[in-house]
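Coordinates in review
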Amino acid sequence: MKKVVYGVLLTFFLILTGCEDKPSDELVKKQLESLSIIGEVKNYKRINGYKDGNYYIVEYEYDLYIDKQKIKELSNKMKGSFFSEIQLSALLMGIVLQCGSQNPCHIKEKAKFVKGEKGWSVVEE
C-alpha cells in the first residue's frame, strides 16, 4: 500500500514540476557573458517570466559596469578588421543610446526561449 501512495505522490510531484518548467537564471546569465569583453555584469535580477505560445519570455535587469580600458584594448585588437570594428561600434552605440554616460548602466531586457529535445535555448530575433 505504501508503494502505491508513494507512486501517486511521485506522479503528482512530477506533474506539478512539469507545469512550472521554465528556463533557469543560469541560461539568462550565460547570454550576458559576452558583455565581459567590454565590462562586468552585476546585480542580475529576474523580474518576470511568462509563457507566450510556444515560447517562454524572461524579463530581467542588471547593471553593466563599462571598463574603458577593455574597450580600448578590444578596439586596438580589431584594427584592420572592418566587420569586427562595425560589430564593436554597433554594440557600443546600442549601449550609449540606452545608457548615455551612466556607468554603471542599469539595463532592463527580455529574452525569448524555446524548449527543444535538449532543453531550453534562446531564440535570436
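On a predicted model such as this, the values are computed, not experimentally measured, just so you know. (Residues numbered from 1 in each chain as written. Predicted model: local features only at pLDDT ≥ 70, side-chain atom pairs only at ≥ 80, totals over all residues. Heavy atoms only, no water.)

1. Thoughts on a nonpolar patch on the surface
A grouping of Phe 82, Phe 83 and Ile 86 is seen on the molecular surface, where their side chains present a nonpolar patch of about 380 Å² in accessible area. Note that Phe 83 resides in helix α4 (residues 82-99). Overall, the relative accessible area of 66% leaves Phe 83 in the exposed class. (Patch = residues over 30% accessible without salt bridge, like charges linked within 9 Å, V, L, I, M, F, W, Y side chains within 5 Å. Areas by Shrake-Rupley, 256 points an atom, 1.4 Å probe, with all protein chains shown as cover. Salt bridge = Lys/Arg side-chain N within 4 Å of Asp/Glu carboxyl O. Helix = DSSP H or I, 4+ residues; strand = E, 2+ residues; numbered from the N terminus. Buried < 20%, exposed > 50% of the residue type's maximum accessible area, 1.4 Å probe, protein only.)

2. Some thoughts on unusual backbone geometry
In this model, Asn 103 is joined to Pro 104 through a cis peptide bond whose omega is 15 degrees. On the secondary structure map, Pro 104 appears in the loop between α4 and β3 (105-116). Positive phi is not limited to glycine here, since Asn 43 has a value of about 60 degrees. Within the fold, Asn 43 resides in strand β1 (residues 39-52).

3. Remarks on the packing of aromatic side chains
Evaluated as defined, the whole model comprises 4 aromatic pairs. Between Tyr 56 and Trp 120, the aromatic rings sit 6.0 Å apart at their centres with planes inclined by 65 degrees, giving edge-to-face as the arrangement. Of this pair, Tyr 56 sits in strand β2 (residues 55-66) while Trp 120 sits in strand β4 (residues 119-122), and the two are 64 residues apart along the sequence. The same class applies to Tyr 56 as to Trp 120, namely buried. Taken together, a centroid distance of 5.4 Å and an interplanar angle of 75 degrees make the contact between Phe 82 and Phe 83 edge-to-face. Its guanidinium or amino end placed over the ring of Tyr 65, Lys 42 lies 4.8 Å from that ring's centre, counting from NZ or CZ. One cation-aromatic arrangement involves Lys 112 over Tyr 55; the distance from NZ or CZ to the ring centre is 4.5 Å. (Phe/Tyr/Trp six-rings, centres within 6.5 Å; stacked < 30°, edge-to-face > 60°. Lys NZ or Arg CZ within 6 Å of the ring centre and 35° of its normal.)

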